[in-house]
Amino acid sequence: MTTPFPRLPAALALAARPLPLTPISLVLGRLTRRLSLTHPVLRRRLGDNAARRFLLDPVDLPVVLLLRPDPGTMTAHRRARPPVHDARIAGPFSAFLALMHGAADGDALFFSRDLTVEGDTAAVLSLRNAMDDAELDLTEALAALAGPLGRPLRRALGLAERATGLALHRVDLAEVLG
């Protein structure tokens, strides 16, 4: 089965392998807290599942990410030593971005197996629904964190999006389906 979601080049994954996890986790933590604060619907929609630990496994990256909606943290971990988790979602990084930004239908991603789920599937469904309701936008969240560098960062992410085909900002699914 071929997937419409591109995999990141192996050279990029190889270059990312030696990156230290602490600074990555700090940035991811700030981003997750910001999204949690600016989109309170996330925690509300998750309900009891906000306490679950979600392992996000972008298979084309050398790290896995542990998302804990309550308290609003995300940390990076070496693939060889994944942390304890309640549910694991795996697939190409581009599929995660498409799900986050509404560029692809979440149900279609799971039914097509572009994203696969292990563990607490009810919690994963709750997370997907919460993300849909929150209408997240990674570009805007990163630009807000960047302060005075937000405007040039927004432009750079727009260029990166056009060059790579990755969904780096919120889109209306009706626009995508045409």
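These numbers were taken from a predicted model, which means no experiment stands behind them.

### A short note on the overall build of the protein chain
Each helix and strand counted, the protein chain has nine helices and five strands in total. Along the protein chain, helices and strands appear, N-terminal first, in the series α-α-α-β-β-β-β-α-α-β-α-α-α-α. On C-alpha atoms alone, the protein chain measures out to a radius of gyration of 15 Å, which is about the 16 Å that the 2.2 N^0.38 rule sets for 178 residues. C-alpha extents for the protein chain along the principal axes are approximately 40 × 40 × 40 Å. Counting only residues that meet the buried cut, the protein chain has 44% of its 178 residues in that class. In the protein chain, once contacts between residues fewer than 6 apart in sequence are set aside, the share between residues at least 24 apart is 66%. If you sum the accessible surface of the protein chain, you get close to 9,700 Å²; carbon and sulfur atoms cover 60% of it. Here the protein chain contributes 22 positive and 18 negative side-chain charges, whose respective centroids are spaced 9 Å apart.

### Concerning the pattern of salt bridges
Applying the stated rule across the entire model yields ten salt bridges. Its salt-bridge partner being Asp133, residue Arg45 comes within 2.3 Å of it at the nearest N-O pair. With Arg45 in helix α3 (residues 41-46) and Asp133 in helix α6 (residues 121-134), this residue pair connects regions lying 88 residues apart in the sequence. The class of Arg45 is partly exposed, set by a relative accessible area of 39%. We note a salt bridge from Arg88 to Glu118, for which the minimum N-O separation is 3.0 Å. One end of the pair, Arg88, is in strand β4 (residues 87-91); the other, Glu118, is in strand β5 (residues 116-119), and 30 residues separate them in sequence. A network of salt bridges, in which partner residues are shared, links Asp57, Arg79, Arg88 and Glu118.

### Overview of helix α4 (residues 93-101)
With eight of nine residues buried, α4 lies mostly within the body of the structure. Looking only at α4, the buried set comprises Ser94, Ala95, Phe96, Leu97, Ala98, Leu99, Met100 and His101. Contact partners of the buried residues in α4: α2 (21-38), β1 (54-58), β4, α5 (106-111), α6 and α7 (138-145). Trailing α4 by a residue or two, Gly102 shows a phi angle of about 75°, which is positive.

### Points about the nonpolar core
Ranked by internal contacts, the top residues of the largest apolar core, which has 41 residues, are Phe54, Leu56, Ile89 and Leu115. The residues contacting Phe54, other than those within four sequence positions of it, are Asn49, Leu65, Leu66, Leu67, Pro69, Ala87, Ala123, Val124 and Leu127.

### What about the sheet that holds β1?
In a beta sheet, neighbouring strands are held together by backbone hydrogen bonds and run either parallel or antiparallel to one another. Taken in spatial order, the five strands make up an open sheet running β3-β2-β1-β4-β5, and their pairing is mixed. Since the sheet does not close on itself, it has two edges, and those belong to β3 (73-78) and β5, each with one partner. On average, adjacent strands in this sheet sit at an angle of 20° to one another, irrespective of strand direction. One ladder, built from five bridges, connects β1 with β4; its direction is parallel. Counted as the bridge partner of Asp57 is Ala90 from β4. The strands touched by α2 are β2 (63-68) and β3; relative to β3, the strand with the most contacts, the crossing angle is about 155°.

Definitions and limits used
Residues numbered from 1 in each chain as written. Predicted model: local features only at pLDDT ≥ 70, side-chain atom pairs only at ≥ 80, totals over all residues. Heavy atoms only, no water. Helix = DSSP H or I, 4+ residues; strand = E, 2+ residues; numbered from the N terminus. Rg over C-alpha atoms; globule rule 2.2 N^0.38 Å. Buried < 20%, exposed > 50% of the residue type's maximum accessible area, 1.4 Å probe, protein only. Contact = heavy atoms within 4.5 Å. Areas by Shrake-Rupley, 256 points an atom, 1.4 Å probe, with all protein chains shown as cover. Lys, Arg positive; Asp, Glu negative; His and termini not counted. Charge placed at Lys NZ, Arg CZ, Asp CG, Glu CD. Salt bridge = Lys/Arg side-chain N within 4 Å of Asp/Glu carboxyl O. Core = buried A, V, L, I, M, F, W, Y, C linked by side-chain atoms within 4.5 Å. Pairing = 2+ DSSP bridges. Axes fitted to C-alpha atoms, helices over the stretch in contact; angles between N-to-C directions.

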